[in-house]
Amino acid sequence: MTKKSLNPDSLFASQQYGFSQIVVAQGNRAAYFSGQVAWDEKQNIVGENDLRAQVWQSLENLKRAVIEAGGTLKNIVAMRIYIVDKWMEESEFVSDGLKCFFPNEPPTATWIGVSSLARPEFLIEIEATAILD
C-alpha cells in the first residue's frame, strides 16, 4: 500500500488537530471498520464519563481491528469520529489521541457532533477505512 498525506497551504492546517486534509492511497484491498467505542474485550466500558479514556480505548480497539485485518494504523486513510454533543468542549482529547496514534501522515478525519450513540455510556465512536497491501 502506498499512502501520501497532503496538507496544502490553500486549506487550514489540520495536522495540529491530528488529521490530514487529503490522503491519496493505492492498494489491493480495502478494509472498513465498524465504529469502535470504549468497550474492552469483555464489553466493560473504559472511562465512564471520561472522554480522554474513551478516546484512547476507542483508538486502541481500532488498532487491534486493523491488525486483525492484516494492516497497521498506517493503513488507515479515513476516519469518521462521532462525539456526543455535550463532550465536544473537551475535543482536545480527540486531537491528543489522534496525534499519539497517528504521529506521521495521519488519515483524514471528519468529526461529527451527535446527540447520542448506541449506549448512553458511549461518549465517542470512531469508524475507519484502511487500504491494505
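Since the structure is predicted, the reported quantities are computational estimates derived from the model, not experimental observations. (Residues numbered from 1 in each chain as written. Predicted model: local features only at pLDDT ≥ 70, side-chain atom pairs only at ≥ 80, totals over all residues. Heavy atoms only, no water.)

A. Quick look at the side chain of S95. Along the polypeptide, S95 turns up in helix α2 (residues 92-101). Of the residues examined, S95 reaches a relative accessible area of 7% and is grouped as buried. In this structure the side chain of S95 is engaged in a polar contact, spanning 3.3 Å, whose partner is the backbone oxygen of Y17. Not counting chain neighbours up to four residues away, the residues in contact with S95 comprise Y17 and W111. (Helix = DSSP H or I, 4+ residues; strand = E, 2+ residues; numbered from the N terminus. Buried < 20%, exposed > 50% of the residue type's maximum accessible area, 1.4 Å probe, protein only. Polar contact = N/O pair within 3.5 Å; in protein donor to acceptor, adjacent residues only side chain to side chain. Contact = heavy atoms within 4.5 Å.)

B. Region of interest: helix α1 (residues 51-68). Look at α1: 26 Å from first C-alpha to last across 18 residues, which is about the 26 Å you get at 1.5 Å a residue. All buried positions along α1 are accounted for by L51, Q54, V55, Q57, S58, L59, N61, L62 and V66. Check the buried side of α1 and you find it contacts β3 (29-36), β4 (76-84), α2 and β6 (124-132). Where α1 begins, the capping side chain belongs to D50, and its oxygen is found 3.2 Å from the backbone nitrogen of R52. Phi turns positive, to about 100°, at G70, one or two residues after α1. (Expected span 1.5 Å × (residues − 1).)

C. Looking closely at the pattern of salt bridges. By the definition in use, this model includes five salt bridges. The closest approach of N and O atoms between D133 and R29, which form a salt bridge, is 2.7 Å. Taken as a pair, D133 in the segment after β6 and R29 in strand β3 lie far apart in primary sequence, 104 residues in all. Overall, D133 belongs to the partly exposed group, its relative accessible area being 45%. Overlapping salt bridges bring together E41, E60 and R64 as one network. (Salt bridge = Lys/Arg side-chain N within 4 Å of Asp/Glu carboxyl O.)

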